[in-house]
Amino acid sequence: MKVLVINAGSSSLKYQLYDMREETVMASGRVERIGMDSSILTHEVPGRQEVRDVSEILDHVTAVKRVVDILVDPQHGVLSAINEIQAVGHRVVHGGESFKQSVIVTPEVKLEIRRLFDLAPLHNPAHMMGISAVEANLPNVEQVVVFDTAFHQTMPPTAYLYPIPMVLYRRHKIRRYGFHGTSHHYVSDQAAQLLGKPLSEVKMVSCHIGNGASVTAIKEGQSVDTSMGLTPLEGLMMGTRSGDIDPAIVPFTMNKEELTLSEVNSMLNKHSGLLAISGISSDMREIVQGMDEGDKNAQLAFDMYVYRLRKYIGAYAAAMNGLDVLIFTAGVGENSDRLRASVCEGLTFLGIELDEELNKKRSKEARYISTENSRIKVLVVPTNEELLIARDTYALVQQAKQA
Ligand code: AMP
């Protein structure tokens, strides 16, 4: 079965086409600047030169049409006919409390995703445009939605409720949801495979550290706590996001700096984190370079980032009354040996012993970076959210066919 995975944003659309027999990527790419002048389609087929096409793409329906066209294009394509695409899987950021796992798209599912627009106003409407665009272009193809929040729906109320008036939860569903669930789910499965142990026997902390960053406590294969909350702003210090702060800073700053709500929101989401402290960049590579050149603010930003991450790992070890496995994933987690070494340096009391050589080694494979004697195993596991979306899509569509 060929499965097309789509991640639709408000002005972009990323895609990967999988052949599920061997779980291989046949083609991948993205459409950028949808609705602006000169939209760009970038298309890649393994072993071939990348194709870049600049044209006018005014909406998501046209974007999906271009993607389908290039997939069947005699020169650049990989399919002989459109009907080879048998299912489409979509990434959807917010599934609220309604979706505890991936589901096949039905009119009811679409209605529910629409109801959740309030909780993810920047993301869910764009995902819906992606779903409608596929309906318009591939009307007979089953679609599946895979939610970033679904993996965290196993959190108990002690972890997901905020200690604020309960009426706010009942009336508006204000609670912690968590994000990056597809990634935390994927890497915990991969880690269990590498360890050769069932998920039921291990307590894991998974650190998804990219532009956005979150930590999840995983017990018996289930998320029991995670650092992001109602929105992806809570938790760790990130590239441009503050993570945890005293909420009283919001009214205080609004008052002192005469800022509007939307200005404070933008300050905390776009002008905080590594960028704000270093004054250089939100990109960890540039922070490390700044540190090496003796920039004190870059050093401070790095130290704060590490300190806050280390505190979460300790807190989650306590939340689970133990820890067996620590996982690093995503852009920073997979690539920055400096970050991993600094985080683990302060966790020796837990029984973490990093192997310096293994930590420095570069590889695209899941691997150990702790010593053989380390009581807690430390792993780097490259994340692959698209593959998990393809797997869920394939499984649900197969089940539906057999039913
Ligand atoms: P992601 O959101 O998972 O795509 O991660 C993107 C981020 O990973 C970038 O903004 C960089 O900060 C970070 N990154 C990528 N490569 C490296 C590297 N070699 N060292 C440190 N950080 C890196």
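Residues numbered from 1 in each chain as written. Predicted model: local features only at pLDDT ≥ 70, side-chain atom pairs only at ≥ 80, totals over all residues. Heavy atoms only, no water.

Under an unreviewed UniProt entry, the name given to the chain is Acetate kinase, and the organism recorded is Paenibacillus roseus. What UniProt states about the chain under its Pathway (unreviewed entry) heading is, verbatim, "Metabolic intermediate biosynthesis; acetyl-CoA biosynthesis; acetyl-CoA from acetate: step 1/2." (UniProt positions renumbered as here; feature names shortened; annotations may be inferred.)

**Remarks on the environment of N7**
For N7, the position within the fold is in strand β1 (residues 2-8). Between the C-alpha atoms of N7 and E386, which are 379 residues apart in sequence, the distance is 8.7 Å. Aside from chain neighbours lying at most four places away, what touches N7 is S12, L13, K14, R91 and H127. (Helix = DSSP H or I, 4+ residues; strand = E, 2+ residues; numbered from the N terminus. Contact = heavy atoms within 4.5 Å.)

**Topic: unusual backbone geometry**
In this structure, E23 takes a positive phi of about 55° despite not being glycine. Mapped onto the secondary structure, E23 falls in the loop between β2 (13-19) and β3 (24-32). Overall, E23 belongs to the partly exposed group, its relative accessible area being 31%. At N321, a position not held by glycine, the phi torsion is positive, near 55°. Looking at the element boundaries, N321 is found in the loop between α11 (296-319) and β12 (325-329). (Buried < 20%, exposed > 50% of the residue type's maximum accessible area, 1.4 Å probe, protein only.)

**Here we look at helix α2 (residues 107-115)**
V109, K110, E112 and I113 are the residues of α2 that are buried. All buried residues of α2 fall inside an arc of 160° around its axis, so they share one side. Summarising the geometry of α2, the exposed residues directed more than 90 degrees from the buried face are P107, E108 and R115. Buried positions along α2 lie against β6 (85-92), β7 (103-104), α3 (124-137) and β8 (142-147). (Arc of directions from axis to C-beta.)

**Regarding the pairing of β2**
With six of its seven residues buried, β2 lies for the most part within the structure. Sheet topology places β1 next to β2; seven bridges connect them, and they run antiparallel. Bridge assignment links N7 to a residue of β2, and that residue is K14. Hairpin remark: β1 followed by β2, antiparallel, with four residues in the connecting loop. As paired elements, β2 and β3 share seven bridges and run antiparallel to each other. From the neighbouring strand, L17 faces β3, where its bridge partner is A27. Between β2 and the antiparallel strand that follows it, β3, lie four residues; E23 among them carries a positive phi value of about 55°. (Pairing = 2+ DSSP bridges.)

**Some words on the packing of helix α1 (residues 60-71) against α3**
Interaxial distance between α1 and α3 falls to 8 Å at its minimum, and their mutual angle equals 55°. Taken together, the axes of α1 and α3 lie oblique to each other. The hand of the α1/α3 crossing is right-handed. Side by side, α1 and α3 meet where H60, V61, V64 and K65 of the first sit next to A126, M129, G130, A133, V134, A136 and N137 of the second. Of the residues assigned to the contact of α1 with α3, the class counts are seven nonpolar, three polar and one charged. (Axes fitted to C-alpha atoms, helices over the stretch in contact; angles between N-to-C directions. Parallel < 35°, antiparallel > 145°, perpendicular 65-115°, else oblique. Left-handed = near helix turned anticlockwise from the far one by under 90°. Nonpolar A, V, L, I, M, F, W, Y, C, P; charged D, E, K, R; others polar.)

**Observations regarding the site of the ligand**
Lining the immediate environment of the ligand, one finds G210, N211, D283, M284, R285, A330, G331, V332, N335, S336 and R362. Within the contact set of the ligand, an oxygen atom lies 3.1 Å away from a side-chain nitrogen or oxygen of D283. Take G331: an N or O atom from its main chain is 2.9 Å from an oxygen atom of the ligand. It is helix α12 (residues 330-335) that provides the largest number of residues to the shell around the ligand, a total of four residues. When its residues are assigned to classes, the shell around the ligand shows three nonpolar, five polar and three charged. (Near = heavy atom within 4 Å. Polar contact = N/O pair within 3.5 Å; in protein donor to acceptor, adjacent residues only side chain to side chain.)

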